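A closer look at the structure
What follows is each chain in one-letter form.
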Amino acid sequence: YLFYFNLGVTYFRMEEIDKSIDYLQKGVMVNSAHPSGHLLLGLQERQKNNQVKAFMALQYFLLLEPSGPRAKQGAEALWALFQENAPIQTKKEDERKSKTIGLEETLFHDNAFPKVGPYLSVFFLFSRAYEKEQMSSEEQFVKLSKALYSYLLEKPSKNRKDPWHSLYLPIFTQMDKAGHTETFCYYILQSMNKNAASWLSRNSEKLEAFSLWAGAL
């Protein structure tokens, strides 16, 4: 896997992104426990505006490496990607900005997942009408992640041997079925988000259950 990863890094430095991504994909498929491959893959997919791919790769990186300087880099990139697509206005005390969407707009542009954006746009447009109170940015992040996994689970792609269909999606949907998506979302944001770190400290039992599940992967 290091052979593929090193080639990916080489092409990244040469600014040949497509070749870099190709080798990074091969590397993480050989060794899915190598965090660097997922991080670089996610950052480059975001650079190409493949937002679904970037979102999933960065989330998987943070599952493997939730703390430290690189985790902060990955979490900030993930959070920036989320804010670009945040569909619901936040609570008044939350200073971050998010956009209110209409039917003419779509979230999460990605040529590899062309139907995800329109689905999420309609989902949040209609669910917003039933929200009893405005949500925090972190709550939105959890809801967005759950909606994304649920949609992709309902629309399986056959014979796709890439990290998104063969690695990320199976793990994330398994996690969602086990009831750990909320904890996971706070867990991967803890390096740069005080609200996430505070949530984890208040929900130690959920964190312990999630850690046991993740440790069994």
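See the structure above.
Scope of this entry: the structure provided in the associated data block. Model, not experiment: these values are computed from the prediction.

Parameters at a glance
Residues numbered from 1 in each chain as written. Predicted model: local features only at pLDDT ≥ 70, side-chain atom pairs only at ≥ 80, totals over all residues. Heavy atoms only, no water. Axes fitted to C-alpha atoms, helices over the stretch in contact; angles between N-to-C directions. Helix = DSSP H or I, 4+ residues; strand = E, 2+ residues; numbered from the N terminus. Parallel < 35°, antiparallel > 145°, perpendicular 65-115°, else oblique. Left-handed = near helix turned anticlockwise from the far one by under 90°. Contact = heavy atoms within 4.5 Å. Nonpolar A, V, L, I, M, F, W, Y, C, P; charged D, E, K, R; others polar. Salt bridge = Lys/Arg side-chain N within 4 Å of Asp/Glu carboxyl O. Buried < 20%, exposed > 50% of the residue type's maximum accessible area, 1.4 Å probe, protein only. Expected span 1.5 Å × (residues − 1). Patch = residues over 30% accessible without salt bridge, like charges linked within 9 Å, V, L, I, M, F, W, Y side chains within 5 Å. Areas by Shrake-Rupley, 256 points an atom, 1.4 Å probe, with all protein chains shown as cover.

This part takes up the packing of helix 3 (residues 35–47) against helix 4 (residues 51–64). Relative to each other, helix 3 and helix 4 sit at 155°, their axes nearing to 8 Å. For the element pair helix 3 / helix 4, the angle class is roughly antiparallel. Pair helix 3 / helix 4 crosses with left-handed handedness. Together, Pro 35, His 38, Leu 39, Leu 41, Gly 42, Leu 43, Glu 45 and Arg 46 of helix 3 and Lys 53, Ala 54, Ala 57, Leu 58, Tyr 60, Phe 61 and Leu 64 of helix 4 make up the contact between the two elements. By residue class, the composition of the contact of helix 3 with helix 4 is 10 nonpolar, 2 polar and 3 charged.

Pairs can form between side chains of opposite charge whenever their charged atoms are close. In total, this model carries 7 salt bridges according to the counting rule given. The shortest N-O distance in the salt bridge between Lys 206 and Glu 182 comes to 3.4 Å. One end of the pair, Lys 206, is in helix 11 (residues 204–215); the other, Glu 182, is in helix 9 (residues 181–189), and 24 residues separate them in sequence. You can call Glu 182 partly exposed: its relative accessible area is 27%.

Think of an α-helix as 3.6 residues a turn; residues three or four steps apart then line up on the same face. The terminal C-alpha atoms of helix 7 (residues 137–154), which comprises 18 residues, lie 26 Å apart, in line with the 26 Å expected from a rise of 1.5 Å per residue. The element helix 7 is extensively covered by neighbouring structure, given that 13 of its 18 residues are classed as buried.

Among the surface-exposed residues, Tyr 1, Leu 2 and Val 30 lie close enough to one another that they form a single nonpolar patch of about 270 Å² accessible area. By the secondary structure assignment, Tyr 1 is in the segment before helix 1 (2–13).

A word on unusual backbone geometry. Phi angles above zero are rare outside glycine, and Glu 15 is one such case at about 65°. Relative to the elements of secondary structure, Glu 15 occurs in the loop between helix 1 and helix 2 (17–30). Residue classification places Glu 15 among the exposed residues on the basis of a relative accessible area of 69%. The backbone of Asn 49 shows a phi angle near 65°, a positive value even though the residue is not glycine. Tracing the backbone through its elements, the reader meets Asn 49 in the loop between helix 3 and helix 4.

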